[in-house]
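# Structure at a glance
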Amino acid sequence: MATTQECRAALDKLSDNLAGADGGVRSAAALDRSLSCHVTDLGITFTGRLENGRIEVVDTVDGPPPDRAQIRLAMTGDDLVAMVDGRLNFAKAWASGRIRLEAGFRDLLRLRTLL
């Protein structure tokens with residue numbers, strides 16, 4: 001099972017990957033939205049913002065997200081680490097229910113480039 005530190009490092013790596021992306025991926029990530037990532041098996045939630053193509057983690061809280069972020073992710077820690085490392089395909093994991101992504105319709109349309 002992935003640790004809190006490994007999950008935080010995965011989010012930092014994802015942020016770096018988004019910041020270094022080109023073209024459509026870069027423009028899709030250039031949203032300014034509140035963000036939460038609930039790590040279900042650890043019972044924690046990382047909260048922050050997706051801003052200027054980067055993920056800025058502001059806080060880590062126990063339990064589910066305290067507030068409804070504009071973009072909400074939920075998955076196990078192992079799935080988060082595997083997704084960022086490229087061992088888990090996000091679209092397939094999302095389609096099978098392993099990863100939950102909730103956002104407004106317009107945001108989902110923009111984020112589909114990242115899938």
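Residues numbered from 1 in each chain as written. Predicted model: local features only at pLDDT ≥ 70, side-chain atom pairs only at ≥ 80, totals over all residues. Heavy atoms only, no water.

## What to know about the overall build of the protein
The helix and strand inventory of the protein stands at five helices and five strands. Listing the helices and strands of the protein from first to last along the sequence gives α-α-β-β-β-β-α-α-β-α. Taken along the three principal axes of its C-alpha coordinates, the protein extends 35 × 30 × 25 Å. In the protein, which comprises 115 residues, the share counted as buried stands at 42%. Across the protein, every contact between residues at least 6 apart in sequence was considered, and the portion connecting residues at least 24 apart equals 60%. Computing the positive centroid from 15 side-chain charges and the negative centroid from 16, the protein places the two 8 Å apart. (Helix = DSSP H or I, 4+ residues; strand = E, 2+ residues; numbered from the N terminus. Buried < 20%, exposed > 50% of the residue type's maximum accessible area, 1.4 Å probe, protein only. Contact = heavy atoms within 4.5 Å. Lys, Arg positive; Asp, Glu negative; His and termini not counted. Charge placed at Lys NZ, Arg CZ, Asp CG, Glu CD.)

## With respect to the UniProt feature "domain: SCP2" (unreviewed entry) in the protein
What UniProt calls "domain: SCP2" (unreviewed entry) maps, in this numbering, to residues 33-102. Taken as a whole, residues 33-102 contains 23% helix and 46% strand, while its terminal C-alpha atoms sit 12 Å from one another. (UniProt positions renumbered as here; feature names shortened; annotations may be inferred.)

## What about the nonpolar core?
In this structure, Phe46, Ile71, Leu80, Met83 and Ile99 are the most contacted members of the largest nonpolar core, which totals 29 residues. Secondary-structure elements contributing two or more residues to this core are α1 (4-19), β1 (33-39), β2 (44-51), β3 (54-62), β4 (71-75), α3 (77-85), α4 (90-96) and β5 (100-103). Looking at which element gives the most residues to this core, the answer is α3, with five residues. (Core = buried A, V, L, I, M, F, W, Y, C linked by side-chain atoms within 4.5 Å.)

## Details of the packing of α1 against α3
Put simply, α1 and α3 touch, their axes get as near as 9 Å, and they point 30° apart. Compared by their axis directions, α1 and α3 come out roughly parallel. When you trace α1 past α3, the crossing you get is left-handed. Counting all contacts with α1, which are made through Glu6, Cys7, Ala10, Leu11, Lys13, Leu14 and Asn17, the residues of α3 involved are Gly77, Leu80, Val81, Val84 and Asp85. (Axes fitted to C-alpha atoms, helices over the stretch in contact; angles between N-to-C directions. Parallel < 35°, antiparallel > 145°, perpendicular 65-115°, else oblique. Left-handed = near helix turned anticlockwise from the far one by under 90°.)

## Side note on the sheet that holds β2
If you walk across this open sheet you meet the five strands as β3-β2-β1-β4-β5, and the pairing is mixed. Where the open sheet ends on each side, the last strands, each with one partner, are β3 and β5. Between one strand axis and the next, the sheet turns through 20° on average, direction left out of account. Here four bridges tie β4 to β5, and the two strands are oriented antiparallel to one another. Its bridge partner lying in β5, Arg72 is registered against Glu102. α1 rests against β1, β2 and β3 of the sheet, and its axis sits at about 160° to β3. Lying on the sheet, α3 is in contact with β1 and β4; it crosses β4 at an angle near 110°. (Pairing = 2+ DSSP bridges.)

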